Amino acid sequence: MAFTLPALPYAYDALEPYIDKLTMQIHHDKHHQAYVDNLNKAIAGTPNENKTLEELVRAAGSISPAVRNNGGGHWNHTFFWDSLAPDAGGYPVGKLAEAINESFGFFDSFKEKFTAAGMTRFGSGWAWLIVKDGKLEVTSTPNQDNPLMDVAEVKGKPILGVDVWEHAYYLKYQNKRADYLAAFWNVVNWAKVEERFG
């Protein structure tokens, strides 16, 4: 079963001025496409060929580095595109808002913790908001790992993630990861995060 690149759920320029059109084109059409292509090559003719993406990701510790890295890259980016939306941002509502307040005190405290997870992730990786044992937690992972993986330091169900690889922001923000993370809050698709929270 060959994997395919999902279309972006919005136009390349839909997240401007926060994430620019050229970054979205390169990030989606080049970087994400490369993960899909390399994953298909890595699983071709192996028992992993018929597994779902989530099955591959969950078994990261017992698959080849090529499948782990490219499978993670495909899963993470597909998740990331859906975490963003034009005319989004603001604040979560309902049960998710209550859970954030319960876990972190208040929304701004959560934002600080999430941003810190992205800022302190050395090199390339991701920051995540996850559900773990019924509670919300902030964590981060290196490279293309994610909290679903059996190798994750903190395991859980991801409901929000941000890509802190330089390819996600370098054209617009250069080395200013903090500015990119500040802009990220303007395009968070809280409706999707709430749906994932369930």
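Observations regarding the overall build of the protein chain
Okay, so step 1: On a plain count of helices and strands, the protein chain comes out with eight helices and three strands.
Okay, so step 2: When the helices and strands of the protein chain are listed from N to C terminus, the series reads α-α-α-α-α-β-β-β-α-α-α.
Okay, so step 3: Its C-alpha atoms give the protein chain a radius of gyration of 16 Å, near enough to 16 Å, the size a compact globule of 198 residues would have.
Okay, so step 4: On the principal axes, the C-alpha backbone points of the protein chain span a range of 50 × 40 × 30 Å.
Okay, so step 5: A burial count over the protein chain gives 47% of its 198 residues as buried.
Okay, so step 6: In the protein chain, 69% of the contacts between residues at least 6 apart in sequence involve partners at least 24 apart.

A look at unusual backbone geometry
Okay, so step 1: With an omega dihedral of 5°, the bond running from glutamate 16 to proline 17 counts as a cis peptide bond.
Okay, so step 2: Looking at the secondary structure, you find proline 17 in the segment before helix H1 (21-43).
Okay, so step 3: Non-glycine residue aspartate 87 carries a positive phi angle of around 50°.
Okay, so step 4: Here aspartate 87 lies in the loop between helix H3 (65-83) and helix H4 (94-104).
Okay, so step 5: Given a relative accessible area of 84%, aspartate 87 falls into the exposed group.

Structural notes on the packing of H1 against H3
How two helices sit against one another is set out by the angle between their axes and by the gap between those axes.
Okay, so step 1: Between H1 and H3, whose axes approach to 8 Å, the crossing angle comes to 140°. Judged by the twist between their axes, the crossing of H1 over H3 is left-handed. Contact with H1, carried on its side by Met24, His27, His28, His32, Ala34, Tyr35, Val36, Asn38, Leu39, Ala42 and Ile43, involves Ala66, Val67, Asn69, Asn70, Gly71, Gly73, His74, His77, Thr78, Phe80 and Trp81 of H3 and no other residues of that element.

A short note on the sheet that holds strand S1 (residues 125-132)
Okay, so step 1: Spatially, S2-S1-S3 is the arrangement adopted by the three strands of the open sheet, whose pairing is antiparallel. Two strands in the sheet have a free side with no partner beyond their single neighbour: strand S2 (135-142) and strand S3 (157-163). Sheet twist, expressed as the mean angle between neighbouring strand axes with direction ignored, is 25°.
Okay, so step 2: The pairing of S1 with S2 spans eight bridges and is classified as antiparallel. Bridging from a neighbouring strand, tryptophan 126 pairs with threonine 141 of S2.

A look at the environment of asparagine 76
Okay, so step 1: Considering the arrangement of structural elements, one finds asparagine 76 in helix H3.
Okay, so step 2: Separated by 44 residues in sequence, asparagine 76 and histidine 32 place their C-alpha atoms 9.4 Å apart.
Okay, so step 3: Leave out the neighbours within four places in its chain, and asparagine 76 touches Trp126, Trp128, Gln144, Asp145 and Asn146.

Some points on H4
Okay, so step 1: Leu96, Ala97, Ala99, Ile100 and Phe104 are the residues of H4 that are buried. One face of H4 carries all of its buried residues, which in axial projection span an arc of 160°. What points out from H4, more than 90 degrees from its buried face, is the exposed set Lys95, Glu98 and Glu102.
Okay, so step 2: At its buried positions, H4 is contacted by helix H5 (107-120), S1, S2, S3 and helix H8 (190-197).
Okay, so step 3: Once H4 finishes, glycine 105 follows within two positions and takes phi at roughly 100°, a positive value.

So, how was this worked out
Residues numbered from 1 in each chain as written. Predicted model: local features only at pLDDT ≥ 70, side-chain atom pairs only at ≥ 80, totals over all residues. Heavy atoms only, no water. Helix = DSSP H or I, 4+ residues; strand = E, 2+ residues; numbered from the N terminus. Rg over C-alpha atoms; globule rule 2.2 N^0.38 Å. Buried < 20%, exposed > 50% of the residue type's maximum accessible area, 1.4 Å probe, protein only. Contact = heavy atoms within 4.5 Å. Axes fitted to C-alpha atoms, helices over the stretch in contact; angles between N-to-C directions. Left-handed = near helix turned anticlockwise from the far one by under 90°. Pairing = 2+ DSSP bridges. Arc of directions from axis to C-beta.

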